[in-house]
Amino acid sequence: MLKILQGAGQALVEPLRAVLDRGFSPALNPLNHLGALTIYFCWIVLVSGIWLFIFFKTSVSGAYESVEYLTHDQWYLGGVMRSLHRYASDAAIITLALHMIREFVYDRHRGNRWFSWVTGVPLLWLIIPLGITGYWLVWDQLAWYVALTSAELLDWLPIFSESMARNFLSSDVLSDRFFTLMAFLHLIGLPLFLVFGIWLHVLRINGPRINPPRALMAGSLLAMLALSLIYPALSQGEVDMTQVPESLGLDWYYLLVYPLLKAWSPGWVWGLLTGVSLLLCMVPWMPPQGGRSVAIVDLDNCNGCERCADDCPFGAITMLQRSDGKAYESEAVVDPSLCLSCGLCVGSCPTATPFRRHTALSPGIDMPDLTASVLRERLLEAAEKLQGDRRVIVFSCQEGPGTKKAGSKLNDSETGTVDVICAAQVPPSFIDFILSRDLADAVAVAGCAGGNCQYRFGADWTEQRIARERDPRLRKRVDTDRVALAWLEPWSKSGKPSAMVSALRESLPPADAADTLPERSAGPANRWKIPVTAVAYALFAVVVGCLSIWPRFQLIDEGQAMVSVSISHAGQRIGECRMLSQEELNKLPPNMRKLDDCPRERLPVRVLLSSDGNPLYEAVMQPSGIWNDGESSIYRRLPLAAGTQRLFIGMTDSNRNEGFDYSLEQDVELAPGQHLVVNFDGARQEFVFRQE
Ligand code: HEM
Ligand code: SF4
Ligand code: SF4
């Protein structure tokens, strides 16, 4: 099932990658920098957030006003910063979602990669609440809805004895301390955890790419700036707790699950969120990845040069003090729990050279499933079958969708393929060996399409070694015009292995003209560059802008009002108090003498709300506290048709079976959108319908 999902995902992502490659070039393709882009958008959020905080007033009365000042009076800076803050947060969720999808569809979450995947899941639980607390701070109508709904969600958890949602029903209950708490969570608490989480997330990755290329940074910032100027982020009206907006512009990136609370209970929403998170955590083992043998170090051939440790993309190799008494300072040690069996270390080991005549080809580090020695044998076998003066040997990566099993399509009298785990498993000395021994006239190394290497650095290391920029370098005597590097896209015609081999063969000069090799042309200018990048940035900005406010969420239906029942009341004690006798009192220490002895536990409180005789809400709430001796807290929000209603509320706090201990029945006139709160006044021991 997961394999089908991954296949379908690749079928969707690959054409998009191919299109973006045309415009951005593989090195700048945003799909190859999604994790880094998420971090970059978080930087924009941080910088713009600092500006907003300078002017923000952390009080009930000041919050909305200060944000309005920034948006309108200081639109040229504060307004732009506010919009950037919102849109960069939204953009971070898009890149984050795509980052997850990409790692999943390319199977980069299983095996020893489970750590990055599993530590990614809590990042979702940090970044989403970070956005949600941001929406609270604006204190507009959306903020009120978010505060109320978040509190309803939190109330379901057995954390607070009192209902939190009751604090958001009237402005006289809400305190400034709430804003201080929110500001702390939004500005300090959650961001600190997020930074720690990201650090942990990339801990096992060697040289994680945490910064996107500069051109991509500039382009993304410009796109967000343009969106901020064209479509500035605005508040949605000052909070008036006596009125409920019929609909709200919801930021679907952060508030996606909130509308579910209209139809589901908070318990179901928590169930969904926990279920999805647990499922995500289990995905790396569904099914467990069949183990490939990890890299093995042969100390007899390791000279401690450290190249393998530098090149391993997953930090699986550490250089430790020499343990075999040889004159070298250190030796390579592989941690099997980190090794992904990619073979890049073999390509980097200077001892993996096929030129050895008298000793076996046994490098300092090798892959047991496809040793360097087997690679040489296969290469010699393939070369032996070749004829003509345009013979090509292709090293074909077994991970790339474009190169996997390419041999069956390519092999003929002039072409021989040798399968490798990753393009960078091929040490440059193998290419030298083929050309200097005249085993073929040209060599091609084919791997995953640019920037999308299954093992992160396979294409980069290969390019740099062949270009003689990274050790082990291709020897100078090798004519690089006879070497082709091909990062193939299975979706494009020119990206097919056969097209690449034909192009390489075409560019080869006749054997007798070896000294006058023609210069390779740089290829036609890329006419897609500007249109593709412009459309991509514009589309990205449109998607960010639209879903941050649209489609609108219908809070209540047309012509409806809203009623909130909010009661905190202690039920009666479960039994009568008993007066202690003088004898009993004498037995007690003086400081504990009390005339009566009352049972601690209280009875549950029962409530019924009805309209024109039809029950709307009925609940029995248990007392709070571990001894069941606290108040029962009742809260419920429900829509109600506007118009004149005969509302009845009754409450029982004793163990009577019929009737109510307290009740109120009254005709109320409800206008559409009006919010009526049903309270129990503890001092007067009576119900109140608050409509003001
Ligand atoms: C705030 C959110 C996140 C940020 C900023 C982030 C950032 C990053 C970065 C910078 C890398 C290194 C990329 C590289 O150098 O190749 C990475 C790798 C990875 N991330 Fe995330 N990530 C986030 C969330 C997630 C989530 C939610 C998941 C999945 C549940 C995830 C799965 C992975 C995996 C599997 C890798 C390893 C890829 C590999 O080994 O090639 N990430 N992430
Ligand atoms: S096979 Fe790959 S992951 Fe394993 S040690 Fe070598 S380079 Fe590192
Ligand atoms: S690259 Fe080879 S020789 Fe150098 S430390 Fe690694 S295993 Fe040893």
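Going along each chain's sequence as written, the residues are numbered from 1 onward. To read the labels, note that chains go from A and ligands from 1, taken in the order they are written. Only residues with pLDDT of at least 70 get local features here, since the model is predicted, and only at 80 or more are side-chain atom pairs given and counted; chain-wide, interface and lining totals rely on the full set of residues. The side-chain values count all of the structure's non-hydrogen atoms but skip hydrogen atoms and water molecules.

Visitor: Just give me the short version of the overall build of the protein chain, but keep the residues and values in it.
Guide: Segments assigned H or I by DSSP are reported as helices when at least four residues long, segments assigned E as strands when at least two residues long, and all are numbered from the N terminus. Counting its regular elements, the protein chain contains 20 helices and 20 strands. Note that the radius of gyration is over C-alpha atoms, with the globule rule given as 2.2 Å times the number of residues to the power 0.38. In terms of overall size, the protein chain is more extended than a compact globule, its C-alpha atoms giving a radius of gyration of 34 Å where 692 residues would be expected to give roughly 26 Å. With respect to the principal axes defined by its C-alpha atoms, the protein chain has extents near 115 × 65 × 45 Å. Scored against the burial criterion, the 692 residues of the protein chain give a buried share of 50%. Any two residues whose heavy atoms approach within 4.5 Å at even a single point are treated as in contact. The long-range share in the protein chain, meaning contacts at least 24 apart out of those at least 6 apart in sequence, stands at 73%. Throughout this description, buried means an accessible area under 20% of the type-specific maximum (1.4 Å probe, protein chains only), exposed means over 50%, and partly exposed covers the range between.

Visitor: Quick rundown of the coordination of the iron atom of ligand 1? Include the residues and the values.
Guide: The donor definition counts N, O and S atoms within 2.8 Å of each metal and applies 3.2 Å to Na, K and Ca; water is not among these atoms, so some sites may look incomplete. At this site the iron atom of ligand 1 is bound by H99 (NE2) and H201 (NE2), with donor distances of 2.0 Å. Irregular is the default label, applied whenever a site is not tetrahedral (four donors, all angles between 85 and 135 degrees) and neither square planar nor octahedral (four or six donors, opposite donors over 155 degrees apart, all other angles between 65 and 115). Here the iron atom of ligand 1 is ringed by six donor atoms whose angles at the metal span 85 to 179 degrees, and the overall shape comes out octahedral. Of this pair, H99 sits in helix α4 (residues 75-105) while H201 sits in helix α7 (residues 176-201), placing them 102 residues apart in sequence. For H201, a relative accessible area of 15% puts it in the buried group.

Visitor: Run through the side chain of H675, naming residues and quoting values.
Guide: Take H675: it is sitting in strand β19 (residues 675-681). Polar contact is the term for a pair of N or O atoms within 3.5 Å; when the atoms are in protein, one must be able to donate a hydrogen and the other to accept it, and sequence-neighboring residues count only if both atoms are side-chain atoms. Reaching out from H675, the side chain makes a polar contact with the backbone oxygen of M241 at a distance of 2.7 Å. Excluding anything up to four places from it in sequence, H675 contacts W144, L169, M241, T242, Q243, V244, M562, S564, R690 and Q691.

Visitor: Quick rundown of a nonpolar patch on the surface? Include the residues and the values.
Guide: On the surface, W75, Y76, L77, L229, I230 and Y231 cluster together into a nonpolar patch covering about 700 Å² of accessible area. Those elements that place two or more of their residues in the nonpolar patch are α4 and α8 (214-230). Considering each element in turn, the nonpolar patch owes the most residues, three residues, to α4. Position of Y231 relative to the elements: it lies in the loop between α8 and β1 (247-249). A patch is a set of surface residues, each over 30% in relative accessible area and not in a salt bridge, joined within 9 Å for like charges and within 5 Å for the nonpolar side chains Val, Leu, Ile, Met, Phe, Trp and Tyr. Surface exposure here means Shrake-Rupley accessible area, sampled with a 1.4 Å probe, where a residue is shielded only by the protein chains that are shown. Salt bridge criterion: a side-chain nitrogen from Lys or Arg within 4 Å of a carboxyl oxygen from Asp or Glu.

Visitor: Talk me through the site of ligand 3; I want residue IDs and the actual numbers.
Guide: What makes a residue near a molecule or strand is one non-hydrogen atom of that residue sitting within 4 Å of it. Taken together, C302, N303, G304, C305, E306, C308, M319, C349, P350, G364 and I365 make up the full set of residues adjacent to ligand 3. Side-chain classes follow a simple rule in which Ala, Val, Leu, Ile, Met, Phe, Trp, Tyr, Cys and Pro form the nonpolar group, Asp, Glu, Lys and Arg form the charged group, and the remainder, Gly included, forms the polar group. For the shell around ligand 3, a count of residues per class yields seven nonpolar, three polar and one charged.

Visitor: Now, about the site of ligand 1: what can you tell me, with residues and values included?
Guide: Close to ligand 1 lie 23 residues; H99, R113, H201, R209 and R456 are nearest. A distance of 2.8 Å is found between a nitrogen atom of ligand 1 and a side-chain nitrogen or oxygen belonging to H99. For the shell around ligand 1, the elements supplying multiple residues, two or more each, are α2 (34-55), α4, α5 (114-138) and α7. Per-element accounting of the shell around ligand 1 gives the leading share, six residues, to α5. The class makeup of the residues in the shell around ligand 1 is 12 nonpolar, six polar and five charged.

Visitor: So what's going on with the sheet that holds strand β20 (residues 686-690)? Which residues, and what values?
Guide: DSSP calls a pair of strands paired once it identifies at least 2 bridges connecting them. The four strands lie next to each other as β16-β11-β19-β20, forming an open sheet whose pairing is mixed. With one partner strand each, in any of the chains shown, β16 (632-641) and β20 form the two edges of the open sheet. Across the sheet, the mean angle from the axis of one strand to that of its neighbour is 15 degrees, orientation sign disregarded. With five bridges connecting them, strand β11 (residues 560-569) and β19 associate as parallel partners. By the bridge assignment for β19, S564 is matched with V677. Strand contacts of helix α6 (residues 141-156): β16 and β19, with the helix running at about 130 degrees to β16, the strand carrying the most contacts. Axis angles are defined between N-to-C directions and span 0 to 180 degrees, where every axis is a line fitted to C-alpha atoms and, for a helix, only to the segment in contact.

Visitor: Summarise the state of the cysteines; cite the residues concerned and give the values.
Guide: A pair of sulfur atoms, both from cysteines and within 2.5 Å, is called a disulfide here. What the rule picks out here adds up to one disulfide. In this model C577 forms its disulfide with C598; the gap between the sulfur atoms is 2.1 Å. Here the S-S torsion is close to 110 degrees, and the disulfide linking C577 with C598 is therefore right-handed. Placement of the pair is C577 in the loop between β11 and β12 (578-579) and C598 in the loop between β13 (596-597) and β14 (605-611), with a sequence separation of 21 residues.

Visitor: Any details on the side chain of D90? Residues and values, ideally.
Guide: Note that D90 resides in helix α4. The sign given to each residue is positive for Lys and Arg and negative for Asp and Glu; His and the chain ends receive no count. Within the buried core, D90 has no salt-bridge partner, and the shortest N-O distance to an opposite charge, that of R86, equals 5.4 Å. Contacts of D90, omitting those with residues within four sequence positions, involve D251, Y253, Y254, V544 and S548.

Visitor: Report on the packing of aromatic side chains, specifying residues and quantitative values.
Guide: In this analysis, rings of Phe, Tyr and Trp, with Trp reduced to its six-membered ring, are considered paired at centre separations within 6.5 Å, and the interplanar angle assigns stacked below 30 degrees, edge-to-face beyond 60, and tilted for intermediate values. Scanning all chains against the criterion turns up 23 aromatic pairs. Taken together, the aromatic side chains of W136, W139, F168, F178 and F179 make up a single cluster linked through ring pairs. Sitting over a ring, as applied to charges here, requires NZ of Lys or CZ of Arg to be within 6 Å of the ring centre and within 35 degrees of the ring normal. Above the plane of the ring of W461 lies R470, whose end atom (NZ or CZ) is 3.5 Å from the centre.

Visitor: If you had to explain the pattern of salt bridges to someone new, which residues and values would you point to?
Guide: Throughout the structure, instances matching the rule amount to 23 salt bridges. In this structure, D432 and R477 form a salt bridge, with 3.0 Å as the shortest nitrogen-oxygen distance. On the criterion of sequence distance, the pair formed by D432 in helix α16 (residues 428-436) and R477 in the loop between α17 (458-466) and β9 (483-488) is long-range, its members being 45 residues apart. D432 sits in the buried class, given a relative accessible area of 2%.

Visitor: Could you give me a rundown of the sheet that holds β9, with the residues and numbers involved?
Guide: An order of β7-β6-β8-β9 is seen for the four strands of this open sheet, with the pairing classed as parallel. On the outer flanks of this sheet lie β7 (415-420) and β9, each paired with one strand and no other. Direction aside, the axes of adjacent strands within the sheet are offset by 20 degrees on average. Against the sheet, α16 engages β6 (392-397), β8 (442-448) and β9, with an angle of about 150 degrees to β8.

Visitor: Outline the pairing of strand β4 (residues 330-334), listing residues and values.
Guide: Within β4, four of the five residues are buried, leaving the element largely enclosed by the surrounding structure. Inspection of the sheet shows strand β3 (residues 317-321) paired to β4 by five bridges, in the antiparallel sense. Bridge assignment links I317 to a residue of β4, and that residue is V334.

Visitor: Please give an account of the environment of Y231 that cites residues and values.
Guide: A relative accessible area of 39% means that Y231 is categorised as partly exposed. A C-alpha to C-alpha distance of 9.8 Å links Y231 and C546, two positions 315 residues apart in sequence.

Visitor: Could you give an account of unusual backbone geometry, naming the residues involved and the relevant values?
Guide: Backbone torsion omega between M286 and P287 reads -15 degrees, so that peptide bond is classified as cis. Mapped onto the secondary structure, P287 falls in the loop between α11 (266-282) and β2 (296-297). Going from D471 to P472, the amide bond is cis rather than trans, its omega being -10 degrees. Along the polypeptide, P472 turns up in the loop between α17 and β9. At E306, a position not held by glycine, the phi torsion is positive, near 75 degrees. Position of E306 relative to the elements: it lies in the loop between β2 and α12 (307-311). A positive phi angle is found at Q685, which is not glycine, with a value near 55 degrees. For Q685, the position within the fold is in the loop between β19 and β20. According to the relative accessible area criterion, Q685 is partly exposed, its value standing at 38%.

Visitor: Pulling in residues and values, what's your account of the packing of α2 against helix α3 (residues 60-73)?
Guide: Where α2 meets α3, the axes come as close as 9 Å, and the angle between the chain directions of the two elements is 120 degrees. Between α2 and α3, the crossing angle belongs to the class labelled oblique. For α2 against α3, the interelement crossing comes out right-handed. Across the interface between the two elements, W51, L52 and F55 from α2 touch S66, Y69 and L70 from α3. Of the residues belonging to the contact of α2 with α3, the class tally is five nonpolar, one polar and no charged. Angles below 35 degrees are treated as roughly parallel, those above 145 as roughly antiparallel, those between 65 and 115 as roughly perpendicular, and all remaining angles as oblique. We call a crossing left-handed when the near helix sits turned anticlockwise from the far one by less than a right angle, and right-handed when that turn is clockwise.

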